[in-house]
Amino acid sequence: MINISSLMTRKKRTMNKSELIAKAWEAREKAYCPYSQYKVGAALIGINGKVYTGCNIENASFGMTVCAERSAIFKMVSDGCLKFKALAVVSADDGDGAPCLACRQVMTEFCESWDTPVYSAGPNSVYEHPMKEICPLPFVAFEKDKD
Ligand SMILES: [Zn+2]
């Protein structure tokens, strides 16, 4: 017996910008920030199609704190995916809450291309920048196959 549904090709749906930002807001609720009370959430889409989320995780030794963007990227990498095709970061700020420079360096390592979009959002704003604008002169240890 043939299962008709197995013959149908399922088109893989890609998460849109608003949905990705909504995932970042959900992740923000898990922020561990007893020192700053500044919650940040992030969500990214790996080139494998999966969504990875992260939140800021503070530490009494402040230098050990990890930002939301990096915690999402580390989840992706530990899952075996090495590139993301979009990343969203959210906070309560309506200014351009763009990623810090440490995160930008890590994003440089794992973004799919220099055109990979980065969304930074507050409750009433969304900014969108390609990686090449956020990190115009990245440190790269070796030539990568980015455009
Ligand atoms: Zn950061």
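What counts as what
- Residues numbered from 1 in each chain as written.
- Predicted model: local features only at pLDDT ≥ 70, side-chain atom pairs only at ≥ 80, totals over all residues.
- Core = buried A, V, L, I, M, F, W, Y, C linked by C-beta atoms within 7 Å.
- Buried ≥ 20, exposed ≤ 12 C-beta atoms within 10 Å, placed from the backbone.
- Helix = DSSP H or I, 4+ residues; strand = E, 2+ residues; numbered from the N terminus.
- Pairing = 2+ DSSP bridges.
- pLDDT = per-residue confidence, 0-100.
- Contact = placed C-beta atoms within 7 Å.

Colleague: Explain the nonpolar core here, please?
Modeller: One recurring pattern in soluble globular proteins: nonpolar side chains tend to sit buried together. Core analysis: the largest hydrophobic core is formed by 32 residues, its most contacted members being A42, L44, L87 and A88. For this core, the secondary structure elements donating two or more residues are α2 (17-28), β1 (40-46), β2 (51-55), α3 (68-78), β3 (84-91), α4 (101-110), β4 (117-122) and α5 (131-134). When residues in this core are grouped by element, the largest group, six residues, is from β3.

Colleague: Looking at this structure, how should I read the pairing of β4?
Modeller: For a regular strand, the rule is simple: side chains alternate between the two faces of the sheet. Strand direction decides the pairing type here: β3 and β4, joined by four bridges, are parallel. What sits directly across from V89, in β4, is S120. Where β4 and strand β5 (residues 125-130) come together, six bridges link them in antiparallel fashion. Counted as the bridge partner of G122 is S125 from β5. Once β4 ends, the chain turns through two residues before running back antiparallel as β5.

Colleague: How do you make sense of the confidence of the model for the protein chain when you look at a structure like this?
Modeller: Low-pLDDT stretches of the model should not have their predicted coordinates read in fine detail. Of all residues in the protein chain, 86% have pLDDT values of 70 or greater, and the mean over the chain is 89. Residue range residues 1-9 is modelled with pLDDT below 50. Its contacts to residues more than four positions away, or to other chains, number one contact.

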